[in-house]
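# Notes for the structure review
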Amino acid sequence: MAAHGAQKLFGWFGGGGLEGTGQFFEMSGYPAGETMALIAGLSETLGGLALALGLLTPLAGAAVFGTMINALAVKWGGGFFAPAGVEYELLLAAGAAGLALTGPGRLAVDRFLPGLRAHRLGYGVAAVALGAVSAGLVLLIRN
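This report concerns the structure included in the present document. (Residues numbered from 1 in each chain as written. Predicted model: local features only at pLDDT ≥ 70, side-chain atom pairs only at ≥ 80, totals over all residues. Heavy atoms only, no water.)

## Some words on the overall build of the protein
Test applied: For helices the rule is a DSSP run of H or I covering at least 4 residues; for strands it is a run of E covering at least 2, with both sets numbered from the N terminus onward. Our radius of gyration is a C-alpha quantity, and the globule rule it is checked against amounts to 2.2 Å times the number of residues to the power 0.38. Exposed residues in this analysis have more than 50% of their type's maximum accessible area, buried residues have under 20%, and partly exposed residues fall in between, with area computed by a 1.4 Å probe over protein chains only. Throughout, a contact is declared for two residues whenever any of their heavy atoms are within 4.5 Å. Note on areas: these come from Shrake-Rupley sampling with a 1.4 Å probe, and a residue is covered only by the protein chains present in the view. Here Asp and Glu are counted as negative and Lys and Arg as positive; His is not counted, and neither are the chain ends. The atom standing in for a charge is NZ when the residue is Lys, CZ when it is Arg, CG when it is Asp and CD when it is Glu.
Secondary structure summary: the protein contains six helices and zero strands in total. Taken over the C-alpha trace, the protein has a radius of gyration of 15 Å; the compact-globule value for 143 residues is 15 Å, and the two agree within 12%. Counting only C-alpha atoms, the protein reaches 45 × 30 × 25 Å along its principal axes. When burial is assessed residue by residue, the protein has 38% of its 143 residues classed as buried. Here the contacts in the protein between residues at least 6 apart in sequence split such that 55% fall between residues at least 24 apart. If you sum the accessible surface of the protein, you get close to 7,800 Å²; carbon and sulfur atoms cover 72% of it. A gap of 17 Å separates the mean positions of the 7 positive and 7 negative side-chain charges of the protein.

## Examining unusual backbone geometry
In this chain, Ala-82 is followed by Pro-83 through a cis amide linkage whose omega measures 10°. Following the sequence through the fold, Pro-83 ends up in the loop between helix 4 (57-75) and helix 5 (87-102). For Phe-13, which is not glycine, the phi torsion reads 55° and is therefore positive. Mapped onto the elements, Phe-13 comes out in the loop between helix 1 (2-10) and helix 2 (17-27). Look at Leu-56: it is not a glycine, yet its phi comes out positive at around 50°. Mapped onto the secondary structure, Leu-56 falls in the loop between helix 3 (33-53) and helix 4.

## Looking at the nonpolar core
As a reminder of what qualifies: Throughout this description, the term nonpolar core refers to a set of buried Ala, Val, Leu, Ile, Met, Phe, Trp, Tyr and Cys residues connected via side-chain atoms within 4.5 Å.
Counting residues in each nonpolar core, the largest one holds 14 residues, and the members touching the most others are Val-64, Phe-65, Met-68, Ala-93 and Val-128. Met-68 has contacts with Met-1, Glu-44, Glu-89, Leu-92 and Ala-93, leaving out every residue within four places of it along the chain.

## Things to note about the pattern of salt bridges
Where we set the bar: A carboxyl oxygen of Asp or Glu within 4 Å of a side-chain nitrogen of Lys or Arg is what we treat as a salt bridge.
With the rule as written, the count across this model stands at two salt bridges. In this structure, the salt-bridge partner of Lys-8 is Glu-44, at a minimum N-O distance of 3.0 Å. Of this pair, Lys-8 sits in helix 1 while Glu-44 sits in helix 3, placing them 36 residues apart in sequence. Across the salt bridge formed by Lys-75 and Glu-89, the nearest N and O atoms sit 3.2 Å from each other. Of this pair, Lys-75 sits in helix 4 while Glu-89 sits in helix 5; the two residues are 14 residues apart in sequence, bridging distant segments of the chain. According to the relative accessible area criterion, Lys-75 is partly exposed, its value standing at 24%.

Structure follows, in structure tokens:
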């Protein structure tokens, strides 16, 4: 996910950067394409890095989950299988939600921070709900 975010933010790994990704977002019906590209890029980059480190795992999962809901909406109707379909985005959304719900592994940074050592299912449920509501609000402003 962090690499996909870097594509949007910096144009790395063959990405379009903020300008190119912003144009794609506008063609996909989002207003303020570059702002939406920045939000998606930051969500993917920071959420992906945090998931890899096991840092603030429920919130990182929510960031990736919400972004993937929007990606699913954009690609919906192209079938199921990649590259035109939604299977990849659906897998990433399910994985992010799963990590938010189950919590980080035993080597995660969260395990070494006071107050975050013990994962609670309620945190994961709240995070997934936050990701879904945030994604829904963004989809409401999409044309």
